[in-house]
Amino acid sequence: MTQTIDAARLCLLLNDLRLPAIKQGWAMMAERADREAWPAARFLASLAEHEIAERDRRRIERHLLEARLLPGKTLDSFDFTAVPALSRAHVAAICAGDSWIEAGANLILLGGPGGGKTHLASAIGLALVENGWRVLFARTSDLVQKLQLARRELALEAAITRLDRYHLLILDDLAYVTKDQAETSVLFELISARYERRSMLITANMGFGEWGRIFPDPAMTLAAVDRIVHHATIFEINVDSYRRRAALDRKQKGAGRPPTRATIKTIAADVSPPDNQTQT
Ligand code: ADP
Ligand code: MG
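Note that the coordinates shown come from a computational prediction; the quantities given were computed from them, not determined experimentally.

Caption draft 1: Expanded view of the overall build of the chain. A count of helices and strands for the chain gives 13 helices and 5 strands. Counting the 280 residues in the chain, one finds 39% classified as buried. Long-range pairs, those at least 24 residues apart, make up 79% of the contacts in the chain between residues at least 6 apart in sequence. Of the roughly 16500 Å² of accessible surface on the chain, a fraction of 56% belongs to carbon and sulfur atoms.

Okay, here's the thing in structure tokens:
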């Protein structure tokens, strides 16, 4: 009876102390500690560790929700053999975050459509969240639209400051910023504000030479590119579209139509990487 009263009171105390994991798990842990005759200090340490582990888990869960990453795009499901020039070890180092994210450096993924830029960007974002960083994935065009709206309401600075809580801002598809979006240059203000403070991961299917389309004038383009690449790692993903290759593969394996030698050869020649990119 006394125990019931104690337990109820303990629950209230743990509530007040904001220790939900201990509140939920202490009874089972106490039972085990009694059974195995743990010293009191060990029991206390296990309770504290349990609360911290749950706190971390909940935080990562929250950060995953807010990051708006693409479902299913993980490093495990990324086929590195399809991009021979990309080193898996380099990507793994990027995913640890520490040095570049702390320095507010950038990562740029360039290459034609279907090469896996968006997949890789989201997968890197996921790995970083799992490693404790805060990330936001956005289609560049959508984010620019939101910032333009904020500018009209004279709240651009506040909107950009709010994005500071994300250690990494993923701007997917820079090329899709439209001409009228370019005119107001909120993107330039975002880039300037984050420069050397907060990281960005930018994907684009055009080289820097064409970035003039995204900013209202050449001076601003130059200034923007300069800030972005000053501390940046650039991955060039110059491979055939993965979708197209997958479709060719399916066709090659051929449901129904018996493939002739000639067909296989033509397709194989078309899809294999150039000699200089063959992986060692
Ligand atoms: P991009 O952003 O470069 O246009 P995506 O990342 O959207 O290309 O890739 C197109 C599709 O192909 C996606 O469904 C993606 O998951 C898949 N894909 C591309 N490259 C790879 C790869 N190396 N391994 C696994 N899937 C890939
Ligand atoms: Mg893409």
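Caption draft 2: Summary view of the site of ligand 1. Taken together, 15 residues lie near ligand 1, and Asp 79, Gly 114, Lys 117, Thr 118 and His 119 sit nearest. Between an oxygen atom of ligand 1 and a side-chain N or O atom of Thr 118, the distance comes to 2.7 Å. For ligand 1, the accessible surface in isolation is 550 Å², of which the surrounding protein chains cover 85%. Ranked by residue count, the leading element in the shell around ligand 1 is helix H6 (residues 117-130), at 3 residues. For the shell around ligand 1, the class distribution of residues is 4 nonpolar, 7 polar and 4 charged.

Caption draft 3: Here's a closer look at the environment of Thr 203. Its place among the elements puts Thr 203 in strand S4 (residues 199-204). Those residues in contact with Thr 203 that lie beyond four places of it in its chain are Leu 109, Lys 117, Ala 121, Leu 171, Asp 172, Asp 173 and Leu 174. A distance of 2.6 Å separates a polar atom in the side chain of Thr 203 from a polar atom in the side chain of Asp 172.

Caption draft 4: Summary view of the packing of helix H4 (residues 88-96) against H6. With their axes 8 Å apart at the nearest point, H4 and H6 run at an angle of 45° to one another. The pairing of H4 with H6 is recorded here as oblique in orientation. Considering only the axes of H4 and H6, their crossing is right-handed. Touching Val 91, Ile 94, Cys 95 and Ala 96 of H4 are Ile 124, Ala 127 and Leu 128, all from H6.

Caption draft 5: Region of the structure containing helix H7 (residues 140-152). Here H7 is 13 residues long and its end C-alpha atoms lie 18 Å apart, about the 18 Å a rise of 1.5 Å per residue gives. Looking at H7, one finds that the buried residues are Thr 140, Ser 141, Leu 143, Val 144, Leu 147, Gln 148 and Ala 150.

Caption draft 6: Summary view of helix H3 (residues 40-67). Here H3 contains 28 residues, and its C-alpha end-to-end distance of 41 Å stays within 8% of the 40 Å for a straight helix at 1.5 Å per residue. Every buried residue belonging to H3 is among Ser 46, Leu 47, Glu 51, His 63, Glu 66 and Ala 67, and all of these are buried. Against helix H2 (20-35), H6 and strand S2 (135-139) lie the buried residues of H3. Phi turns positive one or two residues past the end of H3, at Arg 68, with a value near 50°.

Caption draft 7: Molecular detail of the nonpolar core. With 34 residues, the main nonpolar core has Leu 147, Leu 187, Leu 190 and Trp 211 as its most contacted residues. Looking at this core, the elements that each hand over two or more residues are strand S1 (106-110), S2, H7, helix H8 (156-162), strand S3 (168-172), helix H10 (186-194), S4 and helix H11 (218-230). With 5 residues, H10 is the largest single contributor of residues to this core. Beyond its immediate chain neighbours, meaning those up to four positions away, Leu 187 contacts Thr 140, Val 144, Leu 171, Leu 174, Val 177, Ile 214 and Phe 215.

Rules and cut-offs
- Residues numbered from 1 in each chain as written.
- Chains lettered and ligands numbered in written order.
- Predicted model: local features only at pLDDT ≥ 70, side-chain atom pairs only at ≥ 80, totals over all residues.
- Heavy atoms only, no water.
- Helix = DSSP H or I, 4+ residues; strand = E, 2+ residues; numbered from the N terminus.
- Buried < 20%, exposed > 50% of the residue type's maximum accessible area, 1.4 Å probe, protein only.
- Contact = heavy atoms within 4.5 Å.
- Areas by Shrake-Rupley, 256 points an atom, 1.4 Å probe, with all protein chains shown as cover.
- Near = heavy atom within 4 Å.
- Polar contact = N/O pair within 3.5 Å; in protein donor to acceptor, adjacent residues only side chain to side chain.
- Nonpolar A, V, L, I, M, F, W, Y, C, P; charged D, E, K, R; others polar.
- Axes fitted to C-alpha atoms, helices over the stretch in contact; angles between N-to-C directions.
- Parallel < 35°, antiparallel > 145°, perpendicular 65-115°, else oblique.
- Left-handed = near helix turned anticlockwise from the far one by under 90°.
- Expected span 1.5 Å × (residues − 1).
- Core = buried A, V, L, I, M, F, W, Y, C linked by side-chain atoms within 4.5 Å.

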